[in-house]
Amino acid sequence: MTQPENTSLSDMRILELDSFEVPFPMSESQQERYRRRFLTLLVPEGSDDRGGSGYVCKVANPEGETFAMKRVLRPMRTPSMDEASYKRTVTAQTAAFRREFENQQRLSGLKGFPKLYGYGMAEGEPLIVMEWVEGETCKKAAGLRAVDPKGTRVEPVTVAKLGMALFDLIARFEYLDDSFAHRDISPNNIMLRTDEKSVSEQVESGEFDLCLIDFGSSTQVNLHQDPSFTRLTSVVRRATPEYAPPEMLTNDLPNLDRLRRSPLIDVYAISSVLYELLCGETPYRLGKLSEDPGSYYRYKLEHAIPLPSSMHIDLTPEQGIEGQPELIEAYRTLSSAGAVNTSQLIAAANVVDQQLGRILLKGLANEQDSRAQVWEMRGMLERFVDNYTDNIVRRYRGQMLLPFIDVNAVAPVQTQQISLGAPVRGQATVLRATGQAQFPTGAATQHLRSGGVGRTMTATPSSTPLVRDEVRTKRPITAPVIMTASLIAAVSIIVAGCISGIDASLTLFNKTVSGTIGAPMAVLFCIIPPLLSVPFYYLGESLGSKLLVGTCVLIALETAVLLLVHITDWTVYTAQPVAGVALASIAVFMTIGALWAIVIRRRS
């Protein structure tokens, strides 16, 4: 389904709507006034021709306001289609169209998406009324910064800047309560608004006013949808094969529903669009195949994408570098040190162009988990643009190129998303400015620690986009706790030597047991706490603290048992002063160790 050209309003027919649903809450009186704007529409003649699944056309109301109307027409029933199959197709079409309205309803307030006016019924068919976007598709911008005689390949920096704007656009999905995926991004669905600036002015400045349209295949990322709805609407919700990732072109993959609810589908599609703008052809050139591949899914898995390179290969020294601002800037930089060889300058630019090709291939990986994330693609494109002229100069001089990957950035650990008010042990939630690896001035951070929450809050300018990362906090230093555990073991050996060979008797429940404590029993008595501390390994944050916590807990339990035995008349305390002093000493040491463990745990 494509958006038609700007249609004249001179030849119209009247379309009366049977009902009209407003897209956002309002009072009854407001709803009545609002509906009157849309209940009568002037529609171009011939727009109800059947044969396709639907269309988008420019309409107007009697007051002269113009809108876009998207309408789904009932499919033609073929002779081979029985009544049940036909009804299923109609039901699926209507359900998918309704879901499209609901998805667009969630995006209507965000910049870069058409305003939504409502959902109506006319002549027994559903329709959506939305903003008519004045502009051109991004494909029509291809010839404005071309580097080839045919005008099909766009200059690399312009492609990269358009890519940055596109990834910024889909990053706005994160502003919603639940993330979102368009799932059918193609050149025809990316509009460049021309309300304020023409396409040529946008291309010249490198700042694009984009609008994403056609949400027929869109979905919420984390929506727990009824499987029957997925099966019902799969026949009408399709992606454009040229730009769709493999998981959108087959029904035979495991976990297919999860794979099709990922923002990485849009990463693949945008990378395909940029590849086409850069090379003049789509990655797999499906439209130019000599024969039907049968399965686009298998074709994409079995064929490699050529690396886009040498974008300036058609430039010759005789033609010069006019119309290539980045090459002109590099020429001026080099000319300050002497004469510049134009052919070598163009060759240097061709080498640097390959960086953009490698970036796009990171978004075109067949395996979804291997694709770069939205923020990664945006960051790599930004570094490519920032370093482009400098890299041409570096290549010309035989120096190493600046990388498009931030070698100092650490990918965030994939952890559970948490709110700022919920402390989680060993994690910190960080809000930072987009593209900045370190904590920037003005960022709001919150460090979460076991035992409490520490906050460091400063004002953040509203113009600074923020992203959310989940990172691990620093582990506590384990040296003190390891030394403490070693000291416990040493004292245990000393105590074993003190109490071995002594006579002791135990009176419990009117029965007395007497005997001599042998060396093996004494050693066993002293090493039981460290041995039994092993199951408590999982209580601590580090090896030392885990062992210490377990040891101190079990020694404390053992001390309680000894005191209980003493109360029941264990004569070793009175009969053998040496053993009594030894046991009293270890009790004191256990108390110190337990307190030390608490302090270390609190500080960690």
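Residues numbered from 1 in each chain as written. Predicted model: local features only at pLDDT ≥ 70, side-chain atom pairs only at ≥ 80, totals over all residues. Heavy atoms only, no water.

Q: In this structure, what is going on with the overall build of the protein chain? I would like to understand it.
A: In terms of regular secondary structure, the protein chain is built from 16 helices and 18 strands. Taking all 604 residues of the protein chain together, 45% fall into the buried category. Residue pairs in contact within the protein chain that sit at least 24 positions apart in sequence constitute 68% of those at least 6 positions apart. Surface accessibility of the protein chain: about 31200 Å² in total, with carbon and sulfur atoms responsible for 55%. (Helix = DSSP H or I, 4+ residues; strand = E, 2+ residues; numbered from the N terminus. Buried < 20%, exposed > 50% of the residue type's maximum accessible area, 1.4 Å probe, protein only. Contact = heavy atoms within 4.5 Å. Areas by Shrake-Rupley, 256 points an atom, 1.4 Å probe, with all protein chains shown as cover.)

Q: Quick question: what am I supposed to make of unusual backbone geometry here?
A: Excluding glycine, a negative phi dihedral is what most residues carry, and trans is how most peptide bonds are arranged. In this structure, arginine 183 is a non-glycine residue whose phi angle is positive, near 75 degrees. In this model, asparagine 255 sits at a positive phi of 55 degrees, which is unusual for a non-glycine residue. Tracing the backbone through its elements, the reader meets asparagine 255 in the loop between α5 (227–233) and α6 (256–259). Classification of asparagine 255 as exposed rests on a relative accessible area of 53%.

Q: How do you make sense of the side chain of glutamate 131 when you look at a structure like this?
A: Considering the arrangement of structural elements, one finds glutamate 131 in the loop between β7 (125–130) and β8 (135–137). A relative accessible area of 16% means that glutamate 131 is categorised as buried. Side-chain polar atoms of glutamate 131 contact the side chain of arginine 193, separated by 2.9 Å. Once you skip the residues sitting within four places of it in the chain, glutamate 131 turns out to touch Ala68, Phe113, Pro114, Lys115, Tyr117 and Arg193. (Polar contact = N/O pair within 3.5 Å; in protein donor to acceptor, adjacent residues only side chain to side chain.)

Q: Explanation requested: the environment of threonine 91 in the structure shown.
A: Tracing the backbone shows threonine 91 in helix α2 (residues 83–107). On a C-alpha basis, the gap between threonine 91 and arginine 74 in space is 9.8 Å, while along the polypeptide they are 17 residues apart. In terms of polar contacts, threonine 91 uses its side chain to reach the backbone carbonyl oxygen of lysine 87, at 2.8 Å.

Q: Help me understand the sheet that holds strand β11 (residues 210–212), please; the structure alone is not making it clear to me.
A: By definition, the strands of a sheet pair up through backbone hydrogen bonds, in either a parallel or an antiparallel sense. Strand order in the open sheet formed by 3 strands is β8-β10-β11, and the pairing between neighbours is antiparallel. Where the open sheet ends on each side, the last strands, each with one partner, are β8 and β11. Strand-to-strand twist of the sheet, defined as the mean angle between neighbouring strand axes without regard to direction, takes the value 35 degrees. One ladder, built from 3 bridges, connects strand β10 (residues 190–193) with β11; its direction is antiparallel. What sits directly across from leucine 192, in β11, is leucine 210. (Pairing = 2+ DSSP bridges. Axes fitted to C-alpha atoms, helices over the stretch in contact; angles between N-to-C directions.)

Q: Looking at this structure, I do not really get the nonpolar core. What am I missing?
A: When a protein is soluble and globular, its nonpolar side chains tend to lie buried together. Membership of the largest hydrophobic core comes to 70 residues, with the highest contact counts inside it found for Phe167, Leu210 and Ile392. Elements that contribute at least two residues to this core include exactly α3 (156–171), β10, α4 (199–205), β11, α7 (264–279), α9 (325–335), α10 (342–363) and α11 (374–396). Counting residues per element, this core draws most heavily on α7, which supplies 11 residues. If we skip the residues at most four places from it in the chain, leucine 210 touches Gly112, Leu162, Ala165, Leu166, Leu169, Ile190, Met191 and Leu192. Core analysis: the next-biggest nonpolar cluster, separate from the first, contains 19 residues, Val22, Tyr34, Val43 and Ala122 among them. (Core = buried A, V, L, I, M, F, W, Y, C linked by side-chain atoms within 4.5 Å.)

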